[in-house]
Amino acid sequence: MRTLTVAGALALLALLAGCPPKQTTPEPAVGDTTPTTTEPVVTTPEPRPEPKEKDLSPAEVRRRLDDAVATLTIGTPESARRALGILDQLARSTPDNAYVFYNLGLAHDQLGENAQAERAFERAIELDPKLARAYMGLGLLQEKDGKTRDAIATYRKGIEVDENDMELRSAVIGALRRQGRLDEAIKEAKSALAYNSKSLPVYNDLGLVYIEKGDLSMARFVYLKALSQEGAKNNAPIRTNFGWALYLNDEPLLARRQLEESYALDGRYLPTLIYLSSLYIDDHNYADAVPLLEEALSQEPDNYGVMVNLGIAYRGVGKLEQSKSMYEKAIAARPNEADPYLNMGVLLGDYFKDYDGAISAFRTYVSRGGEQKELVEGYIEDVEKEKQRAERQKQKDEERKRREAEKLERERLLKQAEQNGGGAQDGGGAQDGGGAQDGGGAQDGGGAQDGGAEQPDSPWGNQ
């Protein structure tokens, strides 16, 4: 089951970086996501000299923080490094500013620098224990590092300082679900909805818990309830996960409608790309599946499942080399997984006619514990038979080519003999000399024609 990854959720926090709750330090401009500079602050003198770092005014701190926040929202490594340059300067000039360290945590996270990001979030919490966003950032990092119990404890601390933060409540539910503590997650979600019955993040997480439990009727009920709330119809996660619940409940037409409408809302939302492409592959609509999976792979280049599905979709549109490449990447990513070998075997056997390669892939699938062992053993038998037929056909083709070559050679010799015989008659036709008739040689030349006529009408026709 695929949902928004922890890393993806953490990246979204950058959008809120400039809009913290009640605070005493300068607040970045609300809604201003356009940086006033696209480069880190430099020391080159300007017409009006920059103040020394230790003498930055509150207005200047606010301006630079706005720049950093807006740059972070771009979400690329380059923009994160630019933001980091600004924030490092601000941290030196205003070392007691919790929001500077909070955004430092986001910048380090975008660069994959988890240890630095964690220290920055912890420093932000130390400076302002009521900064709930910092608890969220720290908890997400802890989850990403596999410390789920620590993350849950961190989220709960954040809720203690801001009980209105429904995203933190949702984070607890999601973490419990990922730990497999599904009954606890349901209890947590019901408690959160008792506090705020209109929280879309909580509805979304509760629906996911029921999907994971296999209780699709309850998942369906939860998402229908969510869609009755304000703003839910424009909420891509709600529409996507409702669509997936419908799909699992064997309601493909309704599922497709929800997923396509979710895709129209957000064409880059990863779960939508994955789920909708799965429906398209089921319908053999490979042409529409390919661009969705290519976008998904651009977001998560190491996503094993996307590699396998993109290999299937490429095969479906005739891009066989790209299909093979995707399977090879999936095998490299998870060499002990069985499924890529099954798909590779089908590709090699049915399309590349590489029977030995196909048999090897199928046998590897079985050795890896593939669930469709009996089916694949049948494939192996079929491929071995096809290989034998192909070898027999190859022998027949080679024999046919040999006979055709012999036929062409005989025709060449016959034509040559006819040409030689015709030349002798011309010589004998010079009757003025008379001697040509007397000489048996001219007659022999005619005999060359007779010799050609001695051949059967079709010496190779019965072969």
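Here the residue numbering is sequential within each chain, running from 1 through the sequence in written order. Owing to the predicted nature of the model, reporting of local features is limited to residues with pLDDT of at least 70; listing and counting of side-chain atom pairs is limited to 80 or more, with chain, interface and lining totals taken over all residues. Side-chain numbers come from the whole structure's heavy atoms, not from hydrogens or water.

### Concerning the overall build of the protein chain
Helix and strand assignments come from DSSP, with helices taken as H or I runs of at least 4 residues and strands as E runs of at least 2, each series counted from the N terminus. Helix and strand content of the protein chain: 22 helices and 0 strands. Note on classification: 1.4 Å probe, protein chains only; a residue is buried when its accessible area is under 20% of the maximum for its type, exposed when over 50%, partly exposed between these limits. Per-residue burial for the protein chain yields a buried fraction of 42% across its 463 residues. For the protein chain, contacts bridging at least 24 residues in sequence account for 54% of all contacts bridging at least 6. Surface accessibility follows the Shrake-Rupley procedure with a 1.4 Å probe radius. Residue values consider only the protein chains on display as shielding. Element-wise, carbon and sulfur atoms account for 48% of the exposed surface of the protein chain, whose accessible area totals about 24,600 Å². Two residues qualify as a contact provided that any one of their heavy atoms is within 4.5 Å of a heavy atom in the partner residue.

### Thoughts on the nonpolar core
Note that soluble globular proteins tend to have their nonpolar side chains buried in a common cluster. In terms of nonpolar packing, the biggest core is built from 84 residues, with Tyr-155, Val-202, Leu-206, Ile-211, Leu-293, Met-344 and Phe-362 touching the most fellow members. Beyond its immediate stretch of four places on either side in the chain, Leu-206 contacts Ile-186, Ala-189, Leu-193 and Val-222. Only buried residues count toward a nonpolar core, which is a set of Ala, Val, Leu, Ile, Met, Phe, Trp, Tyr and Cys residues joined through side-chain atoms within 4.5 Å.

### Some thoughts on the pattern of salt bridges
Throughout this description, the term salt bridge denotes a Lys or Arg side-chain nitrogen within 4 Å of a carboxyl oxygen of Asp or Glu. Throughout the structure, instances matching the rule amount to 29 salt bridges. For the salt bridge of Asp-67 with Arg-63, the shortest nitrogen-to-oxygen distance reads 3.4 Å. Of this pair, Asp-67 and Arg-63 are both found in helix α2 (residues 58-72), 4 residues apart, which corresponds to roughly one turn of the helix. A relative accessible area of 31% places Arg-63 in the partly exposed class.

### With respect to unusual backbone geometry
The backbone of His-284 shows a phi angle near 60 degrees, a positive value even though the residue is not glycine. With respect to the helices, strands and loops of the structure, His-284 is situated in the loop between α14 (270-282) and α15 (286-299). Given a relative accessible area of 59%, His-284 falls into the exposed group. Positioned with a positive phi, Lys-353 is a non-glycine residue whose angle comes to about 55 degrees. Examined against the element boundaries, Lys-353 turns out to sit in the loop between α18 (339-351) and α19 (355-367). Given a relative accessible area of 49%, Lys-353 falls into the partly exposed group.

### Some remarks on the side chain of Ser-170
Inspection of the secondary structure assignment puts Ser-170 in helix α8 (residues 166-178). Residue classification places Ser-170 among the buried positions, given a relative accessible area of 8%. Apart from the residues lying within four places of it in its own chain, the contact partners of Ser-170 are Pro-201, Val-202 and Asp-205.

### A closer look at a negative patch on the surface
Surface patches are defined over residues having more than 30% relative accessible area and no salt bridge, joining like charges when they lie within 9 Å and nonpolar side chains (Val, Leu, Ile, Met, Phe, Trp, Tyr) when within 5 Å. By the counting scheme adopted, Arg and Lys are positive, Glu and Asp are negative, and His together with the chain ends is not counted. Charged groups are reduced to one reference atom each: NZ for lysine, CZ for arginine, CG for aspartic acid, CD for glutamic acid. Residues Glu-374, Glu-377, Glu-381 and Asp-382 make up a contiguous surface patch of negative charge. Residue Glu-381 is classed as partly exposed on the basis of its relative accessible area of 48%.

### A few points about the packing of aromatic side chains
Each aromatic pair joins two rings of Phe, Tyr and Trp (for Trp, the six-membered one) with centres within 6.5 Å, and gets the label stacked for planes under 30 degrees apart, edge-to-face for over 60, and tilted for any other angle. Applying the stated criterion to the full structure yields 5 aromatic pairs. Judged by centre distance (4.7 Å) and plane angle (20 degrees), the rings of Trp-244 and Tyr-247 are stacked. A residue pair is termed a helical-turn pair when its members lie 3 or 4 positions apart in one helix, as Trp-244 and Tyr-247 do in helix α12 (residues 236-248) at 3 residues. Residue classification places Trp-244 among the buried positions, given a relative accessible area of 11%.

### Topic: helix α10 (residues 200-213)
For α10, which comprises 14 residues, the first-to-last C-alpha distance of 20 Å matches the rise-based estimate of 20 Å (1.5 Å per residue) to within 8%. The element α10 is largely enclosed, with a buried count of 11 among its 14 residues. Leu-200, Val-202, Tyr-203, Asn-204, Asp-205, Leu-206, Gly-207, Leu-208, Val-209, Tyr-210 and Ile-211 are the residues of α10 that are buried. Taken together, the buried residues of α10 touch α8, α9 (182-195), α11 (216-227) and α12. Just beyond α10, the residue with positive phi is Gly-214, at close to 85 degrees. Expected helix span is computed as 1.5 Å times (number of residues minus one).

### Some words on the packing of helix α5 (residues 114-127) against helix α6 (residues 132-144)
To obtain an axis, a line is fitted to C-alpha atoms, over the contacting stretch when the element is a helix, and the angle between two such axes runs from 0 to 180 degrees between their N-to-C directions. Closest axis-to-axis distance for the α5/α6 pair is 9 Å, and the angle between their directions is 150 degrees. On the basis of the axis angle, α5 is roughly antiparallel to α6. Our pair here, α5 against α6, has a crossing hand that is left-handed. Listed contacts from α6 to Asn-114, Ala-117, Glu-118, Phe-121, Glu-122, Ala-124 and Ile-125 of α5 are Ala-134, Tyr-135, Gly-137, Leu-138, Leu-141 and Lys-144. Grouping the amino acids of the contact of α5 with α6 by side-chain chemistry returns 8 nonpolar, 2 polar and 3 charged. Any angle between 65 and 115 degrees counts as roughly perpendicular, while under 35 counts as roughly parallel, over 145 as roughly antiparallel, and the rest as oblique. When the near helix sits turned anticlockwise from the far one by under a right angle, the crossing is termed left-handed; a clockwise turn instead gives a right-handed crossing. Only Asp, Glu, Lys and Arg are considered charged in this grouping, and only Ala, Val, Leu, Ile, Met, Phe, Trp, Tyr, Cys and Pro are considered nonpolar; every other residue, Gly among them, is considered polar.

### Some remarks on the packing of α10 against α12
Across the interface, α10 lies against α12 with an axial gap of 10 Å and an inter-helix angle of 20 degrees. For the element pair α10 / α12, the angle class is roughly parallel. Crossing angle aside, the handedness with which α10 passes α12 is left-handed. Counted together, Leu-200, Tyr-203, Asn-204, Leu-208 and Ile-211 of α10 and Pro-237, Ile-238, Asn-241, Ala-245 and Leu-248 of α12 form the full contact between these two elements. A class-by-class count of the residues in the contact of α10 with α12 yields 8 nonpolar, 2 polar and no charged.

### Observations regarding the confidence of the model for the protein chain
Close reading of the predicted structure is inappropriate where its pLDDT is low. Note: pLDDT gives the predictor's confidence per residue, expressed from 0 to 100. Overall, the predicted model of the protein chain reaches an average pLDDT of 84, with 79% of residues at or above 70. This stretch, residues 1-52, has a pLDDT under 50; its non-local contacts, to residues over four places away or in other chains, come to 101 contacts. A low-confidence stretch, residues 424-463 (pLDDT under 50), is modelled with 16 contacts involving residues beyond four sequence positions or located in other chains.

### Quick notes on α5
Between its first and last C-alpha, α5 extends 20 Å over 14 residues, near the 20 Å set by a 1.5 Å rise per residue. The inward-facing, buried residues of α5 contact α4 (98-110) and α6.

### Quick notes on the environment of Ala-289
If you trace the backbone, Ala-289 turns up in helix α15. Its relative accessible area of 0% is what places Ala-289 among the buried residues. Between the C-alpha atom of Ala-289 and that of Leu-310, which follows or precedes it by 21 residues, the distance is 7.9 Å. In this structure, Ala-289 is in contact with Ser-277, Tyr-280, Ile-281 and Ala-313, ignoring residues within four places of it in sequence.

### Examining the environment of Gln-258
When you line up the elements, Gln-258 lands in helix α13 (residues 252-265). By relative accessible area, which is 10% here, Gln-258 ends up buried. A C-alpha to C-alpha distance of 4.9 Å links Gln-258 and Gly-243, two positions 15 residues apart in sequence. Residues in contact with Gln-258, not counting those within four places in the same chain, are Arg-239, Phe-242, Gly-243 and Leu-246.

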